[in-house]
Amino acid sequence: MPKSIKSLKSKGQVVKDYHKPGKPDIPRPAGPVLLLGIASTEVILYILTLSNAVLAILLTTLIGFTVGIVDDRKIMPGWFKPLVLVAAAVPIILLGAHGNYLNLVFGSVFIPILYIPLILVIIPVIGNTINSIDVLNGMASSSVIIALIPILASVLLFGNVYVFLAGLPLLAGTLAFYKYHRYPSRIFPGDSGTLLMGAMLGAIAIAGKSEIIAVIALLPAVMNSFLFLSSMKKIVEHREVKARPTMLTDDFKLMASKDKKAPVTLLRLILADGPLTEKDIIKQVTKLAIFSSALAFISIYIQSLFV
Amino acid sequence: MMGLFGFIVVMWAIVLSACGFLIIFVAPLGSLLGIHDRVTTSLIQALIAIIMVVGLVILLDRIKKLYTLSKLKI
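Residues numbered from 1 in each chain as written. Chains lettered and ligands numbered in written order. Predicted model: local features only at pLDDT ≥ 70, side-chain atom pairs only at ≥ 80, totals over all residues.

## Considering the overall build of chain A
Secondary structure summary: chain A contains 13 helices and 7 strands in total. Taking 19 Å as the expected radius of gyration for a compact globule of 307 residues, we find that chain A reaches 19 Å, a close match to that expectation. The principal-axis extents of the C-alpha atoms in chain A amount to approximately 55 × 40 × 30 Å. Residues counted as buried form 53% of the 307 residues belonging to chain A. Sequence separation of 24 or more characterises 74% of the internal contacts of chain A that already satisfy a separation of 6 or more. (Helix = DSSP H or I, 4+ residues; strand = E, 2+ residues; numbered from the N terminus. Rg over C-alpha atoms; globule rule 2.2 N^0.38 Å. Buried ≥ 20, exposed ≤ 12 C-beta atoms within 10 Å, placed from the backbone. Contact = placed C-beta atoms within 7 Å.)

## Overview of helix H6 (residues 115-132) of chain A
Each turn of an α-helix holds 3.6 residues, which means side chains three or four residues apart point in the same direction. Here H6(A) spans 25 Å end to end across 18 residues, near enough to the 26 Å set by a 1.5 Å rise per residue. Residues of H6(A) that are buried include every one of Tyr115(A), Ile119(A), Ile122(A), Ile123(A), Pro124(A), Ile126(A), Gly127(A), Asn128(A), Thr129(A), Ile130(A), Asn131(A) and Ser132(A), and no others. (Expected span 1.5 Å × (residues − 1).)

## Observations concerning the packing of helix H2 (residues 31-49) of chain A against helix H3 (residues 52-73) of chain A
All names here are of chain A. Taken N-terminus to C-terminus, the directions of H2 and H3 make an angle of 165 degrees; their axes are 9 Å apart at the nearest point. In terms of their interaxial angle, H2 and H3 are classed as roughly antiparallel. Crossing of H2 over H3 shows left-handed handedness. From H2, Gly31, Leu35, Ile38, Ala39, Glu42, Val43, Leu45, Tyr46 and Thr49 reach across to H3, where they touch Val54, Leu55, Ile57, Leu58, Thr61, Leu62, Phe65, Gly68, Ile69 and Asp72. Along the lines of polarity and charge, the residues of the contact of H2 with H3 split into 13 nonpolar, 4 polar and 2 charged. (Axes fitted to C-alpha atoms, helices over the stretch in contact; angles between N-to-C directions. Parallel < 35°, antiparallel > 145°, perpendicular 65-115°, else oblique. Left-handed = near helix turned anticlockwise from the far one by under 90°. Nonpolar A, V, L, I, M, F, W, Y, C, P; charged D, E, K, R; others polar.)

## Remarks on the sheet that holds strand E6 (residues 253-256) of chain A
All names here are of chain A. If you trace the 3 strands from one edge of the open sheet to the other, you get E5-E6-E7, paired in antiparallel fashion. Of all strands in the sheet, those bounded by a partner on one side alone are strand E5 (246-248) and strand E7 (276-277). Note that E5 and E6 share 3 bridges and pair antiparallel. Bridge pairing in E6 links Met247 to Met255. (Pairing = 2+ DSSP bridges.)

## Looking at the packing of helix H5 (residues 86-94) of chain A against H6(A)
Residues and elements named next belong to chain A. It is the contact of H5 with H6, at a shortest axis distance of 8 Å, that shows an interaxial angle of 135 degrees. Relative to H6, H5 is oriented oblique. At the point where H5 passes H6, the crossing takes the right-handed sense. Taking contact as the criterion, the partners of Val86, Ala88, Ala89, Ile92 and Ile93 in H5 are, on H6, Ile116, Ile119, Leu120, Ile123, Pro124 and Gly127.

## Brief notes about the interface of chain A and chain B
Residue-level contacts link 29 residues of chain A with 23 residues of chain B. In the side of chain A that touches chain B, the residues fall into 22 nonpolar, 4 polar and 3 charged.

## Topic: the environment of Phe177(A)
Residues and elements named next belong to chain A. Within the element layout of this structure, Phe177 appears in helix H8 (residues 161-181). Assessed through the 26 C-beta atoms surrounding it within 10 Å, Phe177 is described here as buried. Sequence spacing of Phe177 and Ile204 is 27 residues, and the spatial spacing of their C-alpha atoms is 19 Å.

What is shown is where atoms sit, not what they do.
Listed below in structure tokens is the structure:
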């Protein structure tokens with residue numbers, strides 16, 4: 001990661017961190033180096049196991065990354081990411097990495113045909129959910145790390161061991177990345193990093209029969225996406241939104257916008273009680289993520305009673 | 001901030017209720033209604049599931065409106 005930071009800086013691939021005094025230049029994207037670490041481990045795991053599920057997770061991750069890197073290099077319209085991310089779900093279907101039963105906490109339902117359109121929805125939704133939570137230093141990576149703990153526990157209990165092993169590189173890679181992404185960030189993931197993490201998380205949840213547990217573990221991020229979409233009423237890129245949900249005060253605190261046209265987001269609701277520093281907001285989001293992971297563990301316990 | 005934890009609990013309860021409804025009423029629909037054709041049963045099940053999801057999204061949107069009105073006063 002330090003080499004990547006140096007290389008991106010020397011190439012001038014930097015963006016401003018607007019929430020800090022002096023607006024420092026931060027290298028971006030970390031997606032390629034994240035992919036290198038994760039994909040190399042997944043390739044070794046595939047050679048050792050020859051598991052279709054591992055291959056499907058690897059290919060989904062690669063496609064998610066590719067969609068992100070295109071968006072990192074060129075500003076694409078709002079529909080681009082959700083629509084093109086559908087392609088990332090295709091390897092799961094073609095390689096038969098999904099099951100025919102959907103775990104619904106209180107039991108499972110046999111839906112061999114209905115499962116396919118569901119997969120085509122899950123990957124873009126989770127990919128974009130992780131992408132849209134990446135608004136402050138370390139938020140996307142910490143959300144993924146915290147959510148992965150109950151998801152991997154669920155995969156081990158209700159899925160299979162190969163998928164669990166395939167999920168470990170994401171946990172290790174994101175943990176390593178978090179060291180540089182946490183406040184104050186030394187590198188940003190970019191769309192390639194967030195979509196890689198999101199698409200891979202979705203693939204692990206599907207191949208590991210843990211879709212509902214993943215939704216519960218990711219509730220703060222899901223809530224953020226829901227609030228944004230529900231107030232905008234259409235899929236739109238954050239950079240295209242004219243009325244900003246938050247504003248920066250002179251002492252570099254963030255405060256909620258009072259503009260009726262501004263979208264409602266998780267950040268705006270956190271700031272409804274008054275302005276906060278970036279560090280304090282990150283703490284609040286982390287608390288919500290830990291709380292959701294606890295709910296996911298309760299759900300895993302309930303599910304274990306019905307298996 | 002406590003309100004946000006409450007919002008998350010409401011979302012969790014909605015997800016669990018939806019799961020419970022699908023397991024108790026929708027999954028055994030074929031045997032409950034005496035329909036033996038699997039395609040017809042699947043289509044009815046899918047339709048109910050879609051209506052349920054749309055209904056839950058509308059319900060969540062209402063809760064969101066009430067919550068944001070009280071919190072942001074906009």
